[in-house]
Amino acid sequence: MSGRRPLRRSAAGAIVAILAALVLAADQFVKYLTIENLPLQVPVPVLGEFLQLYYVRNPGAAFSLGSEVTWIFTIALAVVASIIIWKAFGLKSRLWAVVLGCLLGGVLGNLTDRLFREPGFPVGHVVDMISMPWMMPAIFNVADIFIVTGMISVALLVVFGLRFDGTRERDHAVVETEEEAEAAAIAAEAETETDTDEVDAGDDDASSEDAAPASEGR
């Protein structure tokens, strides 16, 4: 098991809340700067074709998919945020607290756009501004970065077997193996005692058979 003690639930919840608030604030601040300073749908090179700023309002998901059912994405974001908040109450793992805090901040960033930006609640358009044409045609924002990296991190934590309480799957596997070994030892001891009793009973029978001829000879 890890040498570091698990967090108290209140401490883990505080980490989730603080990180979520910081990510949400950063996302909304960048979006504010984008709206105030960038022209709509005009590429602004930062590092040539490697990195550009391109201000758009996205009514759908990635690649503007589902633009006619924006409210579905609003519901999906709200559900994900609710699940993360619910899970945060049972956390004792530092890594899980950091990952879920960043993921929650990203989800809340885009959810805020859906709820409060034009054309109105709950079908607001998400403000995107980061473009990397060499890698993918999608345009994204700060919240998207934390959502993607958060989901990847969640997958890795699951793969490596880290639990919400700070323990690992292999630690529980060792405990189960020890319990099985103890049970096997008890069973083996019981079998040994049974065999010993059978041997003693066999010796007693043999002694009785030997004694009977001797009596007849007299």
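It should be emphasised that the depicted structure is a prediction, and the values quoted were computed from it without experimental measurement.

*Asks:* Is there a simple way to think about the side chain of Arg114 in this case?
*Replies:* Relative to the helices and strands, Arg114 is located in helix α3 (residues 94-116). No salt bridge is formed by the buried Arg114, whose closest oppositely charged neighbour, Asp128, lies at an N-O distance of 7.4 Å. There is a polar contact of 3.1 Å between the side chain of Arg114 and the backbone oxygen of Pro59.

*Asks:* Honestly, the environment of Leu19 in this entry has me stumped. Any pointers?
*Replies:* Along the chain, the position of Leu19 falls in helix α1 (residues 9-37). Distance in space between the C-alpha atoms of Leu19 and Leu100 is 8.7 Å, their sequence separation being 81 residues. Setting aside residues no more than four positions away along its own chain, Leu19 makes contact with Ala97, Val98, Gly101 and Cys102.

*Asks:* Would you mind showing me how to read helix α2 (residues 70-88) here?
*Replies:* Over its 19 residues, α2 extends 28 Å from the first C-alpha to the last, a length consistent with the 27 Å expected when each residue adds 1.5 Å. Within the sequence span of α2, burial applies to Thr70, Thr74, Leu77, Ala81, Ile84 and Ala88. One side of α2 carries all its buried residues, which in axial view fall inside an arc of 95°. In this fold, the buried residues of α2 make contact with α1 and α3.

*Asks:* Would you mind showing me how to read the pairing of strand β3 (residues 126-131) here?
*Replies:* Walk down a regular strand and you will see the side chains alternate between the two sheet faces. The element β3 is extensively covered by neighbouring structure, given that 6 of its 6 residues are classed as buried. Strand direction decides the pairing type here: strand β2 (residues 52-58) and β3, joined by 5 bridges, are antiparallel. Among the inter-strand pairings, Leu53 is bridged to a residue of β3, identified as Ile130. With 2 bridges joining them, β3 and strand β4 (residues 139-140) adopt antiparallel strand pairing. Paired with Ile130 across the bridge in β4 is Phe140.

*Asks:* Honestly, the side chain of Gln52 in this entry has me stumped. Any pointers?
*Replies:* For Gln52, the location among the structural elements is in strand β2. Using a relative accessible area of 11% as the deciding quantity, one classes Gln52 as buried.

*Asks:* Even after reading the chapter, I still don't get the pattern of salt bridges, so can you show me in this structure?
*Replies:* Any two side chains of opposite charge can pair, on the condition that their charged atoms come close. If you walk through the whole model with that rule in mind, you get 3 salt bridges. With its nearest N and O atoms 2.9 Å apart, the salt bridge here joins Asp27 to Lys31. Of the two residues, Asp27 and Lys31 are both situated in helix α1; the distance of 4 residues between them amounts to about one turn of the helix. The residues Asp27 and Lys31 share a single accessibility class, namely buried. One salt bridge in this structure joins Lys31 and Asp113, with 2.7 Å as the shortest N-O distance. You can see Lys31 sitting in helix α1 and its partner Asp113 sitting in helix α3, a full 82 residues away along the chain.

*Asks:* Looking at this structure, I do not really get the sheet that holds β2. What am I missing?
*Replies:* Strands belonging to one sheet form pairs held by backbone hydrogen bonds; the direction of such a pair is parallel or antiparallel. Taken in spatial order, the 4 strands make up an open sheet running β1-β2-β3-β4, and their pairing is antiparallel. With one partner strand each, in any of the chains shown, β1 (44-45) and β4 form the two edges of the open sheet. This element, α1, spans β2 and β3 of the sheet and lies at about 85° to β3.

*Asks:* Hey, could you run me through the environment of Asn58 in this one?
*Replies:* By secondary structure assignment, the location of Asn58 is in strand β2. For the pair Asn58 and Val126, spaced 68 residues apart in sequence, the C-alpha separation works out to 5.0 Å.

*Asks:* I keep staring at the packing of α1 against α3 and nothing clicks. Help me out?
*Replies:* Any two packed helices are characterised by how steeply their axes cross, that is the angle between the axes, and by the distance between the axes. α3 packs onto α1 with a crossing angle of 40° between their chain directions and a minimal axis gap of 7 Å. Between α1 and α3, the interaxial angle falls into the category oblique. Remark: the crossing between α1 and α3 carries right-handed chirality.

*Asks:* Mind showing me how you'd approach the packing of α3 against helix α4 (residues 142-159) here?
*Replies:* Relative orientation of the contacting elements α3 and α4 amounts to 150°, with a least axis distance of 8 Å. Two packed elements cross with a definite hand, and for α3 against α4 that hand is left-handed. Counted together, Leu95, Trp96, Val99, Leu100, Cys102, Leu103, Gly106, Val107, Gly109 and Asn110 of α3 and Ala143, Asp144, Phe146, Ile147, Gly150, Met151, Ser153, Val154, Leu157 and Val158 of α4 form the full contact between these two elements.

The rules behind each value
Residues numbered from 1 in each chain as written. Predicted model: local features only at pLDDT ≥ 70, side-chain atom pairs only at ≥ 80, totals over all residues. Heavy atoms only, no water. Helix = DSSP H or I, 4+ residues; strand = E, 2+ residues; numbered from the N terminus. Buried < 20%, exposed > 50% of the residue type's maximum accessible area, 1.4 Å probe, protein only. Lys, Arg positive; Asp, Glu negative; His and termini not counted. Salt bridge = Lys/Arg side-chain N within 4 Å of Asp/Glu carboxyl O. Polar contact = N/O pair within 3.5 Å; in protein donor to acceptor, adjacent residues only side chain to side chain. Contact = heavy atoms within 4.5 Å. Expected span 1.5 Å × (residues − 1). Arc of directions from axis to C-beta. Pairing = 2+ DSSP bridges. Axes fitted to C-alpha atoms, helices over the stretch in contact; angles between N-to-C directions. Parallel < 35°, antiparallel > 145°, perpendicular 65-115°, else oblique. Left-handed = near helix turned anticlockwise from the far one by under 90°.

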